[in-house]
Amino acid sequence: MMESNGQANYNYSEDEKDILESFDLERFWYVLKRSKYWMVGFIILTTVLSYLYVRYTKPIFNSESIIKLEFESEANVLGLVEIVNTQERNEISGEIELIKSRLFLSRVADAAKINVSYHVYGRYLTDERYRNSPFIVSYKIHNSAFFDIPFDIEFGAEDSFSLSYVKNGVEVNETHIFNEEIKNSNFNLLIQRTDYYNSKDENKYFFIISSEDALISQLQSNLNVSPENFNAKTIKVSYSDFNRYKARDLVNLIDSLYLVYTKEVKNVAIEQKIDFLDEQILATEGRLSEYEDYFEEFTIENRTTDLGEDLNRTIEQLAVLDSQRYGIRRNINDLDLIQKQVNEKNAIAINPLLLEQLPKSLGESIVEYSELQQERELKLASYNETSYIIEQIDNKLDKNKRLLSELLQSYETTLDDRLIQIDRRRNILENNLSQLPSMGTEYGKNRRLYDLQEEFMLSLQTSKMELEITRAGTVTKNVVLSPATVPTSPIKPQKTLIVVAGFMVGFIVSVIFLLIRYLIHNKIAGVRELEKLAKVPVLGAIPEYKKEALSQTSLVVRKDSKSSLSEALRTIRTNLDFVNTNSKSTISVTSTISGEGKTFVAANLGAIMAMTGQKVCVVDIDMRKPKVHLALGGVSKTDGVSTILAGKSSVKNSIQETPVEGLHFIAAGPTPPNPSELLLQNSFQKMIDELNKKFDVVILDTPPVGLVTDGRLVMKYCDIQLYIVRADYSKRNFVKVLNDLKSSNQFSNLTTILNSIDSTPGYGYGYGYGYGYYTDDESKVEKVTSSIKNLF
């Protein structure tokens, strides 16, 4: 039953086009039944795929907050409502763009401290360990190629771990110890354990060091800022992330930084003034420092800071020095006088006050010398100058004279030195006295400038303090109405929605698949469809044989005479009796193309007729592709139709018996080069006549009329022409061939049979063509018989 590609294109009439183009419910249900497993498969497939998508897709959480904005406008004071509304909308749009800008998000990235992200590998997905990583990483990247790439970590024994990463396309594996810095030309890493570290943890982790651009881009892609209510001047700030806590923290951080930023914007003028004051204070401090250095050097150099007092003091010091100088000169003169008196061995006449001023040793020596002089004068009154006592006294005087002269000389030298020092000091004071007026002028000038700078410095600091107080009192009118919270459920994927959507997609695909199959289905599906298309009576429908798989055409009715197939053939047999009332009949069985089951119908219909006691002979006229001998269990001998027509054998010798009593057949015989020419010979008519004499029913299995003309030639010699159409195999345009046969050849007993129809209840058995046991379907058979009578 193989399908052939040989077929022709036909043009339908307008009535036929209306039939073909109209919606055929029967064909639709037939296609639906044949597509149900595909449709269920599509639904199951899309539902399973949607479930797998939900199961193995990382959930995305969204945290959001509401911020109320306040704007000040002069137009509001003037009552210009439209202008105010426009300005407020523009302001809201501007604030939204500000929050989404890279400038603002760079602040968020710096404050969030999420440059290093930590992840753990799962069986199919990865999970970020936000704030609960078992380790932390401090880094310094020397080569920018190591930004935004994963570094894998596996914990080892004790304090060790394995670090792996890709370098120049080659994977690098290294073993290191916690708290030990990893240094190379590309980066410096310090990996330390946290409180979440567990030495028994066998999970594999990885971390990524994000560059600033990548981090800002990530924030921009996950951040969404939109107006919530223009009238209320509120905006919604939302952030999506795989980690719910990270999303919450980032939204709160964005809100707080935004409020700080708006406060900074209000303080821009104050900040600029404070910066200017800081610059002026710094410059003034520098100038004051220079003056203080001058005063310090002046004080060190001149040992004073009061030049007027120094002038008076200098004059007083000069007077004192002059007095001292006079006293020293007088003392020197007195010493010269004493030395002269000593040299002349005269009695020393000295002022008692001077004696008190002299050094003690010198004074005692003078007193002793004077006492010896007095003693000598007294002794001279009693002794002469040559006496021993006088000599003794003279010796003492000489000795005291020498000692006194040395002391006088030494003291005079000391007085001379003192006089020199006084003169030197006097010269210094006189020199300073001459410079004091000019030094006083410069010092006074610098003092006045220093005082001015001090006053200026005090005013600057006062102004700065006032501005800082103003800045500290600045508050923003923007307020966070609804802070971000930890989301409880993800926004993506929405499990129920996706599974339902997957089911609906599968259902829609199934419906589309069904409609496409319905539209492209151009095969005969059921009895009703065949009745609509064919202009000849439908003699019956034969159900598909499903009891076993047939490798070739076979005789099956003898195995199960109560099967639905057998009952269908009995119904057709009965209907044939109404088509032709003659006791003997010749029946041709043909189809449009090969594979529609004409040989199967011919063989099994013949067997059913033989079971009623009739003598039946099935003749294989299809000499190009003979199959009758295969169906009836015979052999394709050298004797057959081709040899009979060629005059090389007789009909009697060519007849073969079958296992069914009363059923005979004639094989096609050797394949001739010209089957059509043989059928045109008189020998074919003679063969038919001879067979009609020997058998009650002669069934001719002809070639397909859609491929060759042999079938048309044979049909002219037959009483009944059976045209076989196979359900779900024969194309709708094949019926055009049947209708052409009816209209052009004027076959009065041309009928059709629908073969291999699906025997499932509910389809293909319109008009009572349901087959079963007689006990169940007797009334239906009678109904079919009655309808056939009406047709003829």
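These remarks concern the structure in this document. Residue positions are counted from 1 within each chain, in the order its sequence is given. Only residues with pLDDT of at least 70 get local features here, since the model is predicted, and only at 80 or more are side-chain atom pairs given and counted; chain-wide, interface and lining totals rely on the full set of residues. Side-chain descriptors were evaluated using all non-hydrogen atoms of the structure, hydrogens and water having been removed beforehand.

## As for the packing of helix 5 (residues 102-112) against helix 7 (residues 244-266)
In this description, a line fitted to the C-alpha atoms serves as the axis of each element, helices being fitted only across the stretch in contact, and the angle between N-to-C directions of two axes falls anywhere from 0 to 180 degrees. Under the DSSP-based scheme used, a helix requires at least four consecutive residues in state H or I and a strand at least two consecutive residues in state E, with every element numbered from the N terminus. Two numbers describe how helix 5 lies on helix 7: the axes approach to 10 Å, and their chain directions differ by 125°. Between helix 5 and helix 7, the crossing angle belongs to the class labelled oblique. Viewed along their axes, helix 5 and helix 7 form a crossing whose handedness is right-handed. Here F104, R107, V108, A111 and A112 of helix 5 lie close against helix 7, whose contacting residues are L250, L253, I254, L257, Y258, Y261 and E264. Of the residues that constitute the contact of helix 5 with helix 7, the class distribution is 10 nonpolar, no polar and 2 charged. Oblique is the label for every angle not falling under 35 degrees (roughly parallel), over 145 degrees (roughly antiparallel), or within 65 to 115 degrees (roughly perpendicular). Crossing handedness is defined as follows: a turn of the near helix away from the far one that is anticlockwise and smaller than a right angle gives a left-handed crossing, while the clockwise case is right-handed. By definition in these notes, contact holds between two residues if any of their heavy atoms fall within 4.5 Å. Classes in brief: Ala, Val, Leu, Ile, Met, Phe, Trp, Tyr, Cys and Pro nonpolar; Asp, Glu, Lys and Arg charged; the others, Gly included, polar.

## Overview of the side chain of T592
Take T592: it is sitting in the loop between strand 15 (585-591) and helix 16 (598-610). Whenever a nitrogen or oxygen atom comes within 3.5 Å of another N or O atom, the pair is scored as a polar contact, on the condition that within protein one atom can donate a hydrogen and the other can accept it, and that pairs from neighbouring residues in sequence are kept only if both atoms are in side chains. Within the local environment of T592, its side chain forms a polar contact with the side chain of Y723, the two groups lying 2.3 Å apart. Among residues more than four places away in sequence, those in contact with T592 are P704, V705, G706, L707, Y723, F734 and V737.

## Remarks on the packing of aromatic side chains
Each aromatic pair joins two rings of Phe, Tyr and Trp (for Trp, the six-membered one) with centres within 6.5 Å, and gets the label stacked for planes under 30 degrees apart, edge-to-face for over 60, and tilted for any other angle. Enumeration over the complete set of coordinates arrives at 26 aromatic pairs. Taken together, a centroid distance of 4.8 Å and an interplanar angle of 45° make the contact between F161 and F178 tilted. Here the residue F161 occupies a position in strand 6 (residues 160-167), and F178 occupies one in the loop between strand 7 (170-177) and strand 8 (182-183), the gap between them amounting to 17 residues. We call a residue buried when its accessible area falls under 20% of the maximum for its residue type, exposed when it is over 50%, and partly exposed in between, using a 1.4 Å probe and counting protein chains only. With relative accessibility at 1%, the residue F161 sits in the buried group. An angle of 75° between the planes, with centres 5.1 Å apart, marks the rings of F684 and Y717 as edge-to-face. Of the two residues, F684 sits in helix 21 (residues 682-694) while Y717 sits in the loop between helix 22 (710-715) and strand 20 (720-726), which places them 33 residues apart along the sequence. Within the aromatic cluster, the residues linked to one another by ring pairs are Y118, F135, F146, F151, F155, F161, Y165, F178, F187, Y197, Y205 and F207. When the ring centre of F230 is taken as reference, the NZ or CZ atom of R89 above it lies at 4.4 Å. Here R193 stacks its cationic end above the ring of Y197, 5.2 Å away from the centre of that ring. Whether a charge sits over a ring depends on NZ of Lys or CZ of Arg being within 6 Å of the ring centre and within 35 degrees of the ring normal.

## As for the sheet that holds strand 4 (residues 135-141)
Note: strands within a sheet are paired through backbone hydrogen bonds, in either parallel or antiparallel orientation. Only strands joined by at least two bridges in the DSSP assignment are considered to pair. Read across the open sheet, the 3 strands follow the order 4-9-8; overall the sheet is antiparallel. Of all the strands in the sheet, the pair left with one neighbour each is strand 4 and strand 8. In the sheet, strand 4 pairs with strand 9 (residues 187-193) via 7 bridges, with the strands oriented antiparallel. Each bridged residue has a counterpart across the sheet, and for K140 the counterpart in strand 9 is N188.

## Description of the pattern of salt bridges
Each reported salt bridge corresponds to a side-chain nitrogen of Lys or Arg within 4 Å of a carboxyl oxygen of Asp or Glu. Tallying each qualifying case throughout the model produces 18 salt bridges. Across the pair K68 and E70 runs a salt bridge, and its minimum N-O distance is 3.5 Å. On the basis of relative accessible area, K68 is assigned to the partly exposed category, the value being 23%. Where R325 meets D423, a salt bridge forms, and the shortest distance between an N and an O atom there is 3.3 Å. Placement of R325 in helix 9 (residues 307-343) and of D423 in helix 12 (residues 388-472) is noted, with a sequence separation of 98 residues between them.

## Some remarks on the sheet that holds strand 18 (residues 663-666)
Pairing in this open sheet of 8 strands is mixed, and the strands run 14-21-20-15-19-16-18-17 from one edge to the other. Only two strands of the sheet have a single neighbouring strand rather than two, namely strand 14 (538-543) and strand 17 (655-657). Neighbouring strand axes in the sheet, compared pairwise and without regard to direction, differ in orientation by 25° on average.

## Here's the deal with the pairing of strand 1 (residues 61-68)
Judged by how many residues are buried, strand 1 sits mostly within the fold: 6 of 8 residues are covered. Where strand 1 meets strand 12 (residues 234-241), 8 bridges bridge the pair, whose relative direction is antiparallel. Residue pairing in the sheet places E64 in a bridge with S238 of strand 12. Here strand 1 pairs with strand 13 (residues 479-482) via 3 bridges, running antiparallel.

## Topic: the nonpolar core
Counting 37 residues, the largest nonpolar core has L576, I587, L663, I699 and L722 as its most contacted members. Here this core gets 9 residues from one element, more than from any other, and that element is helix 16. When residues no more than four places from it in sequence are discounted, the contact partners of L722 are L539, L576, I587, S588, V589, T590, L605, T751 and I753. Residue types Ala, Val, Leu, Ile, Met, Phe, Trp, Tyr and Cys, when buried and joined through side-chain atoms within 4.5 Å, form a set referred to as a nonpolar core.

## Thoughts on unusual backbone geometry
Between K492 and P493 the backbone carries a cis peptide bond, its omega angle lying at -15°. Looking at the secondary structure, you find P493 in the loop between strand 13 and helix 13 (495-520). Unusually for a residue other than glycine, K113 sits at a positive phi of about 55°. Mapped onto the fold, K113 is located in the loop between helix 5 and strand 2 (116-121).

## A closer look at the packing of helix 5 against helix 6 (residues 212-222)
At a minimum axis distance of 9 Å, the contact between helix 5 and helix 6 shows a crossing angle of 110°. The orientation of helix 5 relative to helix 6 falls into the category roughly perpendicular. Contacts between helix 5 and helix 6 involve R102, L105, S106, V108 and A109 from the former and E212, D213, L215, I216, S217, L219 and Q220 from the latter. Per-class residue counts for the contact of helix 5 with helix 6 are 6 nonpolar, 3 polar and 3 charged.

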